[in-house]
Amino acid sequence: MKTIALYSIKGGVGKTAGCVNLAHLASLQNKKVLIIDLDPQGSTSFYLRIKPHKKFSSEKFLGGDSSKFIRGTDYENLDLLPADFSFRYFDLELDKFKKSTERLKKQLNQFVGEYDLVFLDCPPNITLLSENIFNVADIVLLPLVPTPLSEHAFNMLIKFFDQQGIKKKKLKVYYSMFEKRKKLHLETVKKFMGNKYFLNNFIPYLAEIEYMGSYREPVTAKKINSRGSKHFIQLWDEVNKLI
Amino acid sequence: MYKTKYILNSSSKVTKIVKTLKKNFAITEEKQFKLKYFLYDSFDFLLLKNGLAVFQNSKELNLVNLQSDENIASFSNQEKTDIIQITSILDTEFRRILTEFVAPRVLIKKINVEEIRKLYNIVNKDEKTVLRLCVSEFLANGFEGKYIKLIPIRGYNSVFKKASQFVEQFEENLYFNTIAHTVLYAANINPDDYSSKFFVNFEGNESIHYALTKILDQSFKIIRKNYLGVIDDIDIEFLHQFRVNLRRSRSALSLLPEVYDEKFVKQFGNSLKKIADKTSRLRDLDVFIFDKDKLFNLIPNELAEGLEPLVGYFENERVDEFSKLHKYLSSSKYKQEFTKWEKTLIKNGKKIARGSRADENVKEYASEILLYEFNRIIKLGKMVKPKSNDEKFHDVRKECKKLRYLLEFFITLFEPTQMKIFIFSLKKLQDVLGVFNDVSVQRENLYNLLNSNIKIVKENRKLSAAIGGAISTLQNIQIEKRNQFFESFDNFSNKKNIKLAKELFGEN
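By convention here, each chain's residues receive numbers from 1 onward along its written sequence. A letter from A marks each chain and a number from 1 marks each ligand, given out in the order of writing. The predicted nature of this model means local features are confined to residues of pLDDT at least 70 and side-chain atom pairs, given and counted, to a pLDDT of 80 or more, with totals for whole chains, interfaces and linings taken over all residues. Here the side-chain values reflect all heavy atoms present in the structure, with hydrogen atoms and water set aside.

A. Structural detail: the overall build of chain A. We count a stretch as a helix when DSSP gives it H or I for four or more residues in a row; a strand needs E for two or more, and each element gets its number in order from the N terminus. Counting its secondary structure elements, chain A contains 12 helices and eight strands. A burial count over chain A gives 57% of its 243 residues as buried. By definition, residues are in contact when any of their heavy atoms lie within 4.5 Å. The long-range share in chain A, meaning contacts at least 24 apart out of those at least 6 apart in sequence, stands at 78%. Only the protein chains shown count as cover for residues, and all accessible areas are computed by the Shrake-Rupley method using a 1.4 Å probe. Accessible area of chain A: about 11200 Å², with a carbon and sulfur share of 51%. Note on exposure labels: buried denotes an accessible area under 20% of the residue type's maximum, exposed denotes more than 50%, and partly exposed covers the range between, all computed with a 1.4 Å probe on protein chains only.

As structure tokens, this is what we get:
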């Protein structure tokens, strides 16, 4: 079982769209895929029209058997462990455990054998939960909107990895919401060209992706031949080769 | 997690069920598609009985776990032949899984299905699919059928339960857990129908004449079941079972004396022997060819390759031998002969000329003969010494086999738990003697081969060396089994077992 975390310190960078579409594409390749929505905002759960079980909570997620709270999506081979609003207390819950930065890793072990891939949709912050995520993930996928602020966030993350002794080679960056017509975007892209952490493929800013919140389906399911889908397919091909 | 259900029903009822579900749930129609596939299994549905199925679609063979409904392995194959030799499946993983659990030699096309499937989604107020519904109209081997399948979605079990309740309101539904069982039922194929298992039930108040006729009738039914498999050369198991039941019939005639008229027994026995003799060589060749790995494993690797030409030689001989048997079994002479005996047993059983003990009670007769056979084994077994020649061991083996047949015939007449213990002790002795015999026969066959005028044996030194190596290993196994005999016989002939035999068969 491999774990891919869609992570960003910043919010609104297309993290959830990336998570849902890449996970859906993986499931189309006959891989058993589980998405875990760690963001209390529950955007992935919203996109996939799934509400959590009433008895589900951050305490249950970190403390016991979560498999009974998993729900099947509308797509074959793709399941979701939906987010609960109590996930905002993750750090408090994690703090109760002895090896607090390894807790998530321990919990995900229960899915070994059942799933080939686990996608983590992460909340936008850098906390104890984030450390757990970095420890468990085989790949940390970072969607980056090519602006100076995102550049700053990326540099912060590199520094954090260094400080915590986390392997930086698991960090992979792709441009998200990229707009060719914007000079600022082009300048930022140019700046990082050839950087070893950056993937070759990117996700452009497209209305059809933004509309996912309206039709509540992966764009790769709704319109497989659309421009957005093609970009996600190319990105997935590149990520898949890294697994 | 609830399991998928297949509900087979008449067309009109399926329409009503769908209407009811549409009234009570929000249903969206997703898609409709046609599909065509074949179901393969071994001659006796070994796969199905082990929770597996092999389906062939237009592109590939799929091995499916029927419990989880998951595809375990696939093998690219576009040939839709009636028979698939397992050795022709080149995908190692597919073959490994198939042979690890079941080990069939061939897969036989059991059923041809053409289906039109309509898929519906049952959705909640967020328009999330919470249950899938599949409605299928199909033709299975030409038989029309229609089924409804409820496919639960993880985490939404309550909807599945509720929908199931609506469906269950309709009476006379038939529920199946797998598509394989559903289409087989529709095509009137019962996987349990093929069984070479011999079983006859007696109440204890019948006459021995009636009992013998019933035993022979049951054996003949099994011979009949295996007939087509033999002449189509589908699997060597058919011929094996065909022969086992010929032998069982002959044994019944000889082991139960004075039940039928002596002249009738002689005629019937000779007729069965004639058929059995025609099949003997083919069975020997089957054992050699299909169990050749066992023989190869007896010899060091450097000698084993020497046996290869012999396999080819026997394979060619098998073609000729099968052709001879096919001709014989397809002939009107054979069919007339077989039908004559079959008719005698089924229609005129009561009229079979009676022997002097024909009217005796089955239990009394059986008890006497079983005890006699048991005592005979004890007597002959005690005569076997470590230095006795092979014949002495064979004599005990033959008597054990006779006792085993008798126990098979009359098992229902005696106390089941005690019978189980008694049969178990006999079986352990037979296991040792069985290997002793197989090895002995194999040794003799190889020795005869070595001294034969067969060109490839005479001219091929490597082959002669390999045969010599095999004979030597077989001799060692035989010595080992000789030693094991005494321990097994001691267990069989101990006081406890003698007491058990007397309790069972009447001498208190």
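B. Representation of the sheet that holds strand β3 (residues 71-72) of chain A within the structure. Residues and elements named next belong to chain A. Within the open sheet, the eight strands sit side by side as β3-β4-β2-β5-β1-β6-β7-β8. Their pairing is mixed. Looking at strand neighbours, the two that pair on one side only are β3 and β8 (203-204), the edges of this open sheet. Each pair of strands is called paired provided DSSP finds at least two bridges between the two strands. In the sheet, strand β2 (residues 33-37) pairs with strand β4 (residues 78-81) via four bridges, with the strands oriented parallel. Across the sheet, V33 pairs through a bridge with L78, a residue of β4. Axis geometry follows a simple rule: fit a line to the C-alpha atoms, using only the stretch in contact for helices, then measure angles between N-to-C directions, giving values from 0 to 180 degrees. Along the sheet face, helix α1 (residues 15-28) touches β1 (2-6), β2, β4, β5 (117-121), β6 (139-144) and β7 (171-178) and points at about 170 degrees away from the line of β5.

C. Examining the pattern of salt bridges more closely. Salt bridges are identified by distance alone: a Lys or Arg side-chain nitrogen within 4 Å of an Asp or Glu carboxyl oxygen. According to the stated counting rule, one finds 32 salt bridges over all chains in the structure shown. With a shortest N-O distance of 3.4 Å, K109 of chain B and D82 of chain B are connected by a salt bridge. Of this pair, K109 of chain B sits in strand β7 (residues 106-123) while D82 of chain B sits in the loop between β5 (70-76) and β6 (83-85), and the two are 27 residues apart along the sequence. Judged by relative accessible area, K109 of chain B falls into the partly exposed class, the value being 23%. With relative accessibility at 52%, the residue D82 of chain B sits in the exposed group. Linked through salt bridges whose partners overlap, the residues forming this network are D79 and E114 of chain A together with R154 of chain B.

D. How the structure looks around the interface of chain A and chain B. Across the boundary between the two partners, chain A contributes 15 residues, which contact 10 residues of chain B. Between chain A and chain B, a total of about 1000 Å² is buried, with carbon and sulfur atoms accounting for 32% of that surface. The term buried area means the drop in 1.4 Å probe accessible area that two parts suffer when joined, counted for both and summed. The largest per-residue losses of area from chain A upon contact with chain B belong to R49, R71 and D74 of chain A, which jointly make up 48% of the total buried on that side. Linking chain A with chain B are five salt bridges. K51 of chain A is paired through a salt bridge with D126 of chain B; the nearest N and O atoms lie 3.2 Å apart. Polar contact is defined as a pair of N or O atoms within 3.5 Å, subject to the rule that within protein one atom must be able to donate a hydrogen and the other to accept it, and that residues adjacent in sequence are counted only when both atoms are side-chain atoms. Across the contact surface, chain A and chain B share 11 residue pairs in polar contact (both at pLDDT 80 or more). Of the residues contributing to the side of chain A that touches chain B, the split by class is five nonpolar, three polar and seven charged. Three classes are used, and their members are as follows: Ala, Val, Leu, Ile, Met, Phe, Trp, Tyr, Cys and Pro are nonpolar, Asp, Glu, Lys and Arg are charged, and the others, Gly among them, are polar.

E. Structural view of the confidence of the model for chain B. Residues and elements named next belong to chain B. Every residue gets a pLDDT, meaning the predictor's confidence in that residue, from 0 to 100. Here chain B averages 89 in pLDDT, and 97% of its residues register 70 or above. By mean pLDDT, strand β1 (residues 5-8) is the weakest element of chain B at 73, and helix α13 (residues 362-383) is the strongest at 96. Overall fold confidence (pTM) sits at 0.64, and the ipTM for the predicted complex is 0.84.

F. Seen up close, the side chain of K149 of chain B. Residues and elements named next belong to chain B. Relative to the assigned elements, K149 resides in strand β9 (residues 143-152). Accessibility expressed as a relative area gives 13% for K149, which makes it buried. Discounting chain neighbours no more than four positions away, the residues touching K149 are T4, K5, Y6, D69, R132, L133 and C134.

G. Examining the environment of G145 of chain B more closely. Residues and elements named next belong to chain B. Mapped onto the fold, G145 is located in strand β9. Taking the C-alpha atoms as reference points, G145 and T182, separated by 37 residues in sequence, lie 9.2 Å from one another. Excluding its chain neighbours within four sequence positions, the residues that come into contact with G145 are S136, E137 and F138.

H. Broad picture of the side chain of N77 of chain A. Residue and element names in this part refer to chain A. In this structure, N77 sits in the loop between β3 and β4. Residue N77 is classed as buried on the basis of its relative accessible area of 17%. Dropping the residues within four chain positions of it, N77 is found in contact with S27, N30, K31, K32 and V33.

I. A look at the packing of helix α6 (residues 208-231) of chain B against helix α11 (residues 308-330) of chain B. Residues and elements named next belong to chain B. It is the contact of α6 with α11, at a shortest axis distance of 10 Å, that shows an interaxial angle of 135 degrees. Taken together, the axis directions place α6 and α11 in an arrangement best described as oblique. The handedness of the crossing between α6 and α11 is left-handed. Taking contact as the criterion, the partners of Y227, V230 and I231 in α6 are, on α11, F322, L325, H326, L329 and S330. Looking at the contact of α6 with α11, its residues break down into six nonpolar, two polar and no charged. Should an angle fall under 35 degrees it is taken as roughly parallel, and over 145 as roughly antiparallel, whereas 65 to 115 is taken as roughly perpendicular and any remaining angle as oblique. In this scheme the crossing of two helices becomes right-handed for a clockwise turn of the near helix relative to the far one and left-handed for an anticlockwise turn of less than a right angle.

J. Expanded view of unusual backbone geometry. Its identity as a non-glycine residue notwithstanding, R216 of chain A has a phi of 50 degrees, on the positive side. Relative to the helices and strands, R216 of chain A is located in the loop between α10 (212-215) and α11 (219-222). Taking the relative accessible area as the measure of exposure, R216 of chain A reaches 17% and is therefore buried. A positive phi angle, near 65 degrees, is found at E258 of chain B, a position not held by glycine. Within the secondary structure layout, E258 of chain B lies in the loop between α7 (236-255) and α8 (262-290).

K. Highlighting the nonpolar core. As used here, the term nonpolar core means buried Ala, Val, Leu, Ile, Met, Phe, Trp, Tyr and Cys residues forming a set that is joined through side-chain atoms within 4.5 Å. One finds F242, F410 and F505 of chain B to be the most contacted residues of the largest nonpolar core, which totals 80 residues. With 11 residues, the single largest contributor to this core is α6 of chain B. Setting aside residues up to four positions removed in sequence, F410 of chain B forms contacts with F202, I208, I215, L256, V362 and A366 of chain B. Listed in part, the 55 residues of the second largest apolar core include I50 and L199 of chain A together with Y120 and L133 of chain B.

L. Highlighting helix α14 (residues 390-410) of chain B. Residues and elements named next belong to chain B. Multiplying one less than the number of residues by 1.5 Å gives the expected span of a helix. Between its terminal C-alpha atoms α14 stretches 31 Å, which fits the 30 Å expected from 21 residues at 1.5 Å a residue. Every buried residue of α14 is accounted for by F393, H394, V396, R397, E399, C400, L403, Y405, L406, L407, F409 and F410. Residues of α14 that are buried sit in contact with α6, α7, α13, α15 (416-450), α17 (461-492) and α18 (495-505).

M. Representation of the pairing of β5 of chain B. Residues and elements named next belong to chain B. Relative to β5, strand β4 (residues 60-65) runs antiparallel, the two sharing six bridges. When the bridges of β5 are listed, V64 appears paired with N71. Turn length for the β4-β5 hairpin, with the two strands adjacent in sequence and antiparallel, is four residues, and the turn residue D69 shows positive phi of about 60 degrees.

N. The arrangement of the packing of aromatic side chains in detail. Side-chain rings of Phe, Tyr and Trp (the six-membered ring for Trp) are treated as a pair once their centres are within 6.5 Å; stacked means planes under 30 degrees apart, edge-to-face means over 60, and tilted covers the remaining angles. All told, the structure shown has 48 aromatic pairs over all chains when counted by the stated rule. Summarising the aromatic geometry, the rings of F111 of chain A and Y115 of chain A are spaced 6.2 Å apart at their centres and angled 75 degrees between planes, so their arrangement reads as edge-to-face. One aromatic cluster is present, formed by F220, Y227, Y260, F264, F268, Y328, Y334, F338 and W341 of chain B through successive ring pairs. R103 of chain A extends its terminal NZ or CZ atom over the ring of F97 of chain A, reaching a point 4.1 Å from the ring centre. The ring of Y215 of chain A has K222 of chain A sitting right over it, with the charged end atom 5.4 Å from the ring centre. Sitting over a ring, as applied to charges here, requires NZ of Lys or CZ of Arg to be within 6 Å of the ring centre and within 35 degrees of the ring normal.

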